[in-house]
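# Structural overview
Listed below, chain by chain, are the residues.
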Amino acid sequence: MRVLVVGGAGYIGSHTALTLADAGHEPVVYDNLTMGHEWAVQWGEFVQGDLSDGDLLRKVLREHQIEAVIHFAAFAYVGESVQNPRKYFENNVVSTLSLLHAMLDSDVRQIIFSSTCASYGIPEQVPINESHPQNPINPYGDSKLMVERILHWYGEAYDLKWIALRYFNAAGADPQGRIGESHDPETHLIPLVIDAALERRGPVQIFGTDYATQDGTAVRDYIHVLDLADAHVRALEYLAGGGESQPINLGTGRGYSVREVLESVGRMSGRPVPFEEGPRREGDPPELVADPSRAAAVLGWRALYQELDDIVGTAWEWHSKS
Ligand code: UDP
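So, here is what we can say about the structure in this document. Per-chain numbering applies: the sequence of each chain, read as written, is numbered from 1 onward. The model is predicted, so local features are restricted to residues of pLDDT at least 70 and side-chain atom pairs to those at 80 or more, both for listing and for counting; the totals for chains, interfaces and linings are taken over all residues. As a convention, hydrogens and water are excluded, and side-chain values are obtained from all of the structure's heavy atoms.

## Here's the deal with the overall build of the protein
A run of DSSP states H or I qualifies as a helix once it reaches four residues; a run of E qualifies as a strand once it reaches two. Both are numbered from the N-terminal end. Broken down by element type, the protein carries 10 helices and 14 strands. Radius of gyration: C-alpha atoms only; globule rule: 2.2 Å multiplied by the number of residues to the exponent 0.38. Taken against the 2.2 N^0.38 rule, which gives 20 Å for 322 residues, the C-alpha radius of gyration of the protein at 19 Å falls within 12% of a compact globule. The principal-axis extent of the C-alpha atoms belonging to the protein is close to 55 × 40 × 40 Å. Throughout, exposure labels follow a simple rule: accessible area from a 1.4 Å probe, protein chains only, divided by the maximum for the residue type, with under 20% read as buried, over 50% as exposed, and the rest as partly exposed. By the burial criterion, 55% of the 322 residues in the protein qualify as buried. Computed with the Shrake-Rupley method and a 1.4 Å probe, the accessible areas treat only the protein chains shown as cover for residues. Summed over all atoms, the accessible surface of the protein reaches about 13500 Å², with 48% contributed by carbon and sulfur. We score Asp and Glu as negative and Lys and Arg as positive, and we do not count His or the chain ends. Note on charges: their place is set at NZ of Lys, CZ of Arg, CG of Asp or CD of Glu. The positive charge centre, built from 25 side chains, and the negative charge centre, built from 45, are 1 Å apart in the protein.

Set out below in structure tokens:
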């Protein structure tokens, strides 16, 4: 299929372009490069453009005879979204409407949307399945939930077919070292711990040691970026085969604590990672772990990277060379 990968120069988007090309599809990458990197566009043609530019999107959809869209373009810093919600609703919601309207105008009716476990808010129970109530506790999670609701209603009214993939914690890099995670500023745990281990920055801060978890630190479900990418390709093929629109969680189903991440990176570097214990970060739930059984049942998908060391290992390789 000819697939427009919106936000395809970013972390998860670029790994998905790679996986699409490997699976025999034709990605066309559309990105404004505010967060993405031109070096990460290595599979498919590149069009530089903004998500809000409906005219350009219509032109690209038509000229490239696009059959489906995968939409990654969004701001994704939880803390920033609390400080500056306008930026999040403007880009993640309003600009997404430009994309959806360009698609409807061009008769492109299949979309895979990057959603998030942040749309669940503080979980009532873990593991979290797709029926868990969605009560986001920050504007980022709410912006993603709003788009899920828009997809639902556009699906009902305009026959738009959609899958909202609710990611847990994306991590790792292409094991061949061609692309990897690169954010500025970096706020994610695994790259920060690796940088601390490589002495590129001071000790890593552990945000909270008094959670009711096995070692007092927060637990997350880390999922390898290539496993995420593979699920996007499967979701696309599922919709193309007449599959039903729905949200689907993407996680391994297994949680690891912040201390376990430090220990894993310590095994890569051969010595303990320097750290400091600090207060909790506002808005962080104690534990987020996916129930990934719908992804298995509907998409035949399962995370191939199950062990934290395997996920962290690919990130370690990438960061230590970059
Ligand atoms: N975390 C931490 N120190 C850091 C960055 C993150 O202790 O410097 C913790 C954070 O509180 C959370 C987990 O690591 O419990 C994963 O955070 P990240 O920002 O990577 O992803 P999030 O879960 O916020 O999407």
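What follows picks up the thread again.
## Overview of the packing of aromatic side chains
Each Phe, Tyr or Trp ring, with Trp reduced to its six-membered ring, pairs with another whose centre is within 6.5 Å; inter-plane angles below 30 degrees give stacked pairs, above 60 give edge-to-face pairs, and intermediate values give tilted ones. A full pass over the atoms with the stated rule returns 3 aromatic pairs. When the centroid spacing of 5.8 Å and the interplanar angle of 35° are considered together, the rings of Trp39 and Trp318 count as tilted. In this pair, Trp39 sits in the loop between β2 (26–31) and β3 (45–48) while Trp318 sits in helix α10 (residues 308–321), placing the two residues 279 residues apart along the sequence. Ring geometry for Phe75 versus Tyr88: centroids 5.9 Å apart, planes at 55°, classification tilted. With a gap of 13 residues between them, Phe75 in the loop between β4 (68–71) and α3 (78–83) and Tyr88 in helix α4 (residues 85–105) connect regions that are remote in the sequence. Look at Phe75 and you get buried, because its relative accessible area is 16%. Stacked on the ring of Phe75, the Lys or Arg Lys87 has its end atom at 4.3 Å from the ring centre. Geometry around Tyr211 places Arg280 over its ring, the cationic atom sitting 4.1 Å from the centre. The rule for a charge over a ring is simple: NZ of Lys or CZ of Arg within 6 Å of the ring centre, and within 35 degrees of the ring normal.

## What to know about the sheet that holds strand β12 (residues 256–257)
Strands in a sheet are paired, the pairing made by backbone hydrogen bonds, and the direction either parallel or antiparallel. Strand pairing follows a simple DSSP-based rule, namely that at least 2 bridges must link the two strands. Taken together, 3 strands build an open sheet; the order of strands is β12-β9-β14 and the sheet is mixed. The open sheet has two edge strands with one neighbour each: β12 and β14 (287–288). Pairing of strand β9 (residues 219–220) with β14, which is carried by 2 bridges, proceeds in the parallel orientation. Among the inter-strand pairings, Arg220 is bridged to a residue of β14, identified as Leu288.

## Describing the environment of Gly278
Relative to the helices and strands, Gly278 resides in strand β13 (residues 275–278). Along the backbone, Gly278 and Phe207 are 71 residues apart, and their C-alpha atoms lie at a distance of 5.2 Å. Note on contacts: a residue pair qualifies if any of its non-hydrogen atoms lie within 4.5 Å across the two residues. With near-sequence residues (within four places) excluded, Gly278 lies in contact with Ile206, Phe207, Gly208 and Thr209.

## Comments concerning the pairing of β4
Of the two faces of β4, the one carrying Ala68 and Ile70 and the one carrying Val69 and His71 are both buried. Two strands pair when backbone bridges link them, and strand β1 (residues 2–6) and β4 are joined in this way by 4 bridges, in the parallel orientation. Across the sheet, the residue bridging to Val5 is Ile70, located in β4. As defined by bridge partners, β4 adjoins strand β5 (residues 110–116) across 3 bridges and the pair is classed as parallel.

## Re α10
When the terminal C-alpha atoms of α10 are compared, their 20 Å separation across 14 residues agrees well with the 20 Å that a helix rising 1.5 Å per residue should span. When we look at burial in α10, the residues that qualify are Leu308, Ile311, Val312, Gly313, Thr314, Ala315, Trp316, Trp318 and His319. Close packing links the buried residues of α10 with β7 (169–171), α6 (189–197), β10 (222–224), β12 and α8 (258–269). By this rule the span expected of a helix is its residue count minus one, scaled by 1.5 Å.

## Overview of unusual backbone geometry
The omega torsion across Val126 and Pro127 is -5°, close enough to zero to call that bond cis. For Pro127, the location among the structural elements is in the loop between β5 and α5 (139–158). Here the bond from Asp184 into Pro185 is cis, since omega is 0°, no more than 30 degrees from zero. Of note in this structure, Asp107 is not a glycine but carries a positive phi near 60°. Inspection of the secondary structure assignment puts Asp107 in the loop between α4 and β5.

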